[in-house]
Amino acid sequence: MSGVRGARLAVAAVLPAELALVVCLLAGVPIPGVVLAGVEGVVLLALALEAVVLARLWRAGRRAGAGRREAMGGALRTVVPVGVRRLFAHELRALHSLGLWVLRRRHAVPESALAVPYTGPQTAMMYGLVFVSVVETVMLALLIPWPAVHRIMLFVDVYGVLLILAMHAACVTRPHVVDSDGSLRIRYGVLFDLRIPAASIASARVERRYPEGRLVQLGPDGVLDLAVGSQTTVTVELTAPLGFVRPLGGRGQAGTVRFHADDPRAAVAALTRARTAPSTSQGPPA
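Computed from a prediction, not measured in an experiment: that's the story for all the values here.

## Quick word on helix H5 (residues 120-143)
Here comes step 1: In this model H5 runs 36 Å from its N-terminal to its C-terminal C-alpha over 24 residues, within 8% of the 34 Å that 1.5 Å per residue would give.
Here comes step 2: Regarding H5, the residues found buried are Gln122, Met126, Leu129, Val130, Ser133, Thr137 and Leu140.

As structure tokens, then:
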């Protein structure tokens, strides 16, 4: 049990650092390459400890008669908190988005739907952050004299750069979607995904706002802000509060949703056109 306790303590120590890093990156705060490499290095060490403990728990489950998947599921639930599992899944999906980005493909955008990009305010910042990280990686490679430490830091630095690119690629390949039936899918990369049925949309309008705070922020008045570059450009009023899931698994309900779109007028026009089409397309009088 001491190994399990140690693994959970390691996860508890790493999760705030990983979460703070993700939030800072999404908020546009420049992160020095040394800090990025240090945080990811600690994450890798924690994952290595978890892997050892998971293997022991998996073998114990198998000896108790559990199947392979059942034993692995039990081991994961014992050691890894829900928030950490979600962060790990986010990173895997973000890395998968790199492949979609290279192939110029988009995730889950039907042919009849309108894709609504939202990466405009953050593109320059992301590329600037990648450039700074690459420069600092080269500088560290020149300054660190120990070969073993150099190889470890190089691996961590390269992974950090890939993670930044993957986060941006996820946003590019997973745009908002206005479907032909008037439904709306609001996303931010792999971190946030909210589907709003057409019947739940009361109105949509272009409205530029500059909310302060986190990427996903729910106000006391039930207004959900999903800001990119600290701004939103579209406001959607709902007919009734709608549930949503935060990046780490927390839940909430919103009666109004504000999000950013690079072309807000096109998004609002598509939503309005799809919602009003059934009532305006009437046949000739009998």
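Following the structure, the description resumes.
## Observations concerning the side chain of threonine 232
Here comes step 1: Looking at the element boundaries, threonine 232 is found in strand E8 (residues 232-245).
Here comes step 2: Once residues within four sequence positions are removed from consideration, threonine 232 is found in contact with Glu207, Arg208, Arg209, Pro211, Asp225, Leu226, Ala227, Arg258, Phe259 and His260.

## Let's talk about the packing of aromatic side chains
Think of a pair of aromatic rings as described by two things: how far the centres are apart, and how the planes are tilted against each other in angle.
Here comes step 1: Overall, the coordinates contain two aromatic pairs when judged by the stated rule.
Here comes step 2: Look at tyrosine 118 and tyrosine 188: their rings are 5.9 Å apart centre to centre, the planes differ by 35 degrees, and that puts the pair in the tilted class. With a gap of 70 residues between them, tyrosine 118 in the loop between strand E1 (114-116) and H5 and tyrosine 188 in strand E3 (residues 184-188) connect regions that are remote in the sequence.
Here comes step 3: With relative accessibility at 3%, the residue tyrosine 188 sits in the buried group.

## Observations concerning the pattern of salt bridges
Here comes step 1: In the structure shown here, the tally under the stated rule is five salt bridges.
Here comes step 2: Across the pair arginine 205 and glutamate 207 runs a salt bridge, and its minimum N-O distance is 3.3 Å.
Here comes step 3: Here arginine 209 ties to glutamate 207 by a salt bridge, and the two come within 3.2 Å at their closest N and O atoms.
Here comes step 4: With relative accessibility at 36%, the residue arginine 209 sits in the partly exposed group.
Here comes step 5: With relative accessibility at 19%, the residue glutamate 207 sits in the buried group.

## Remarks on a nonpolar patch on the surface
Here comes step 1: Taken together, Phe131, Val132, Val134, Val135, Val138, Met139, Leu142 and Leu143 make up a surface patch of nonpolar side chains, about 770 Å² in accessible area.
Here comes step 2: Position of valine 132 relative to the elements: it lies in helix H5.

## What to know about the sheet that holds E1
Here comes step 1: Pairing is antiparallel across the open sheet formed by four strands, whose spatial order is E1-E2-E3-E4. Across the chains shown, the open sheet's two edge strands, defined by having one partner strand only, are E1 and strand E4 (192-196). Taking each pair of neighbouring strands and ignoring which way they run, the sheet shows an average axis angle of 15 degrees.
Here comes step 2: Relative to E4, E3 is paired through five bridges, and the arrangement is antiparallel. Paired with tyrosine 188 across the strands is phenylalanine 192, a residue of E4.

## Remarks on the packing of helix H4 (residues 82-102) against helix H6 (residues 147-173)
Here comes step 1: Contact geometry of H4 with H6 gives a least axis separation of 7 Å together with a crossing angle of 70 degrees. The orientation of H4 relative to H6 falls into the category roughly perpendicular. Side by side, H4 and H6 meet where Glu91, Ala94, Leu95, Ser97, Leu98, Leu100 and Trp101 of the first sit next to Tyr159, Leu162, Leu163, Leu165, Ala166, Met167, His168, Ala169, Ala170, Val172 and Thr173 of the second.
Here comes step 2: Of the residues belonging to the contact of H4 with H6, the class tally is 14 nonpolar, three polar and one charged.

## Observations concerning the pairing of strand E7 (residues 223-226)
Here comes step 1: Residues Val223 and Asp225 of E7 are buried on one face, and the alternating residues Leu224 and Leu226, pointing to the opposite face, are buried as well.
Here comes step 2: Counted between consecutive antiparallel strands, the loop separating strand E6 (residues 216-218) from E7 contains four residues, among which glycine 222 sits at a positive phi close to 80 degrees.
Here comes step 3: Pairing of E7 with strand E9 (residues 251-259), which is carried by four bridges, proceeds in the parallel orientation. If you follow leucine 226 over to E9, its bridge partner there is phenylalanine 259.

So, how was this worked out
Residues numbered from 1 in each chain as written. Predicted model: local features only at pLDDT ≥ 70, side-chain atom pairs only at ≥ 80, totals over all residues. Heavy atoms only, no water. Helix = DSSP H or I, 4+ residues; strand = E, 2+ residues; numbered from the N terminus. Expected span 1.5 Å × (residues − 1). Buried < 20%, exposed > 50% of the residue type's maximum accessible area, 1.4 Å probe, protein only. Contact = heavy atoms within 4.5 Å. Phe/Tyr/Trp six-rings, centres within 6.5 Å; stacked < 30°, edge-to-face > 60°. Salt bridge = Lys/Arg side-chain N within 4 Å of Asp/Glu carboxyl O. Patch = residues over 30% accessible without salt bridge, like charges linked within 9 Å, V, L, I, M, F, W, Y side chains within 5 Å. Areas by Shrake-Rupley, 256 points an atom, 1.4 Å probe, with all protein chains shown as cover. Pairing = 2+ DSSP bridges. Axes fitted to C-alpha atoms, helices over the stretch in contact; angles between N-to-C directions. Parallel < 35°, antiparallel > 145°, perpendicular 65-115°, else oblique. Nonpolar A, V, L, I, M, F, W, Y, C, P; charged D, E, K, R; others polar.

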